[in-house]
Amino acid sequence: MLMAVDTSTQMMGLALYDGDRVLGEMVWQTRNHHTVELAPAVDSLLKRCGVASDTLSVLGVALGPGSFTSLRIGLALVKGMALGLHLPVVGVPTLDVLAAAQPLVRSPLVCVLQAGRSRMAVGWYTPGSARWEAQGEAHGVTLAELEAELDEQTVTVCGELNAETRQALRRHKQVTLASPAQGLRRPSYLAELAWNRWQNGQADEVVGLSPIYLHVAGMGLS
């Protein structure tokens, strides 16, 4: 049994997955209450699904990019559980979770997270034979910079798109916007990605595991 934990942004999520089924999933928007909401939510999901913590086999965690503070809170809880229960941990880049939920098409995919201070974290993906493949490193942009980056390309954009971003990108005829439901970052996809990597022997070293932060001059993601 795997528990997946995603606290990358104001959207938090948990999922329980056994390789064949998603036993339970929770997704909710917090108001910077990650610290007080996360542990009770973990306990609630385990109880609702009838799963004892000592029957967990592995933990999956979203590594970012995202909010500096929220990422550290999620990773701290996962590390504590891993050390206390002697469990392996698999870290997954957060933008990969968004990409995993999107249908494969021929044109590129752009995944977006809100990063605060009117900036977004963006990752580009191209279609592979079976899944989306990341192209380059995630980076931080303003809305204007994102529009310039798209530059008349035929792309699909998904993720945390607020009303202002959606309105602006609708002006670009070559851009297809994923619906809000398609753009919701579901922890069940995080669970599947982490499970597959664990099955392939790709667990991470628990103590040294760290979040993915964006380092951009003049930009703080917190």
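Residues numbered from 1 in each chain as written. Predicted model: local features only at pLDDT ≥ 70, side-chain atom pairs only at ≥ 80, totals over all residues. Heavy atoms only, no water.

**Q** What's the story with the sheet that holds strand β2 (residues 11-17) in this structure? I'm lost.
**A** Across a sheet, paired strands are connected by hydrogen bonds in the backbone, their directions being either parallel or antiparallel. One open sheet holds the five strands; their spatial order is β3-β2-β1-β4-β5, and the pairing between them is mixed. Two strands close off the open sheet at either side, each with one partner strand: β3 (22-29) and β5 (89-92). Across the sheet, the mean angle from the axis of one strand to that of its neighbour is 15 degrees, orientation sign disregarded. Sheet topology places β2 next to β3; seven bridges connect them, and they run antiparallel. For Leu 14, the partnering residue across the bridge sits in β3 and is Met 26. Sitting on the sheet, helix α2 (residues 68-85) touches β1 (2-6), β4 (58-62) and β5, and the angle it makes with β4 is about 170 degrees. (Pairing = 2+ DSSP bridges. Helix = DSSP H or I, 4+ residues; strand = E, 2+ residues; numbered from the N terminus. Axes fitted to C-alpha atoms, helices over the stretch in contact; angles between N-to-C directions. Contact = heavy atoms within 4.5 Å.)

**Q** Hey, could you run me through helix α4 (residues 143-150) in this one?
**A** Note on helix geometry: an α-helix contains 3.6 residues per turn, so any two residues three or four positions apart are oriented the same way. The set of residues buried in α4 consists of Leu 143, Leu 146, Glu 147 and Leu 150. Along α4, the residues classed as buried sweep out an arc of 100 degrees about the axis, all on the same side. In this structure, α4 carries Ala 144 and Ala 148 as exposed residues pointing more than 90 degrees from its buried face. On its buried face, α4 sits against β6 (109-116), β7 (119-127), β8 (132-141), β9 (155-159), α5 (163-170) and β10 (175-177). Asp 151 lies just past α4 and shows a positive phi near 40 degrees. (Buried < 20%, exposed > 50% of the residue type's maximum accessible area, 1.4 Å probe, protein only. Arc of directions from axis to C-beta.)

**Q** Whenever I open this one, the packing of α4 against α5 confuses me. Can you help?
**A** Between two packed helices, both the angle of their axes relative to each other and the distance between the axes serve to describe the pair. The contact between α4 and α5 brings their axes to 11 Å, and the two run at 30 degrees. Here α4 lies roughly parallel to α5, going by the angle between them. By crossing handedness, the relation of α4 to α5 is classed as right-handed. Across the interface between the two elements, Leu 143, Leu 146, Glu 147 and Leu 150 from α4 touch Glu 164, Thr 165, Ala 168 and Leu 169 from α5. (Parallel < 35°, antiparallel > 145°, perpendicular 65-115°, else oblique. Left-handed = near helix turned anticlockwise from the far one by under 90°.)

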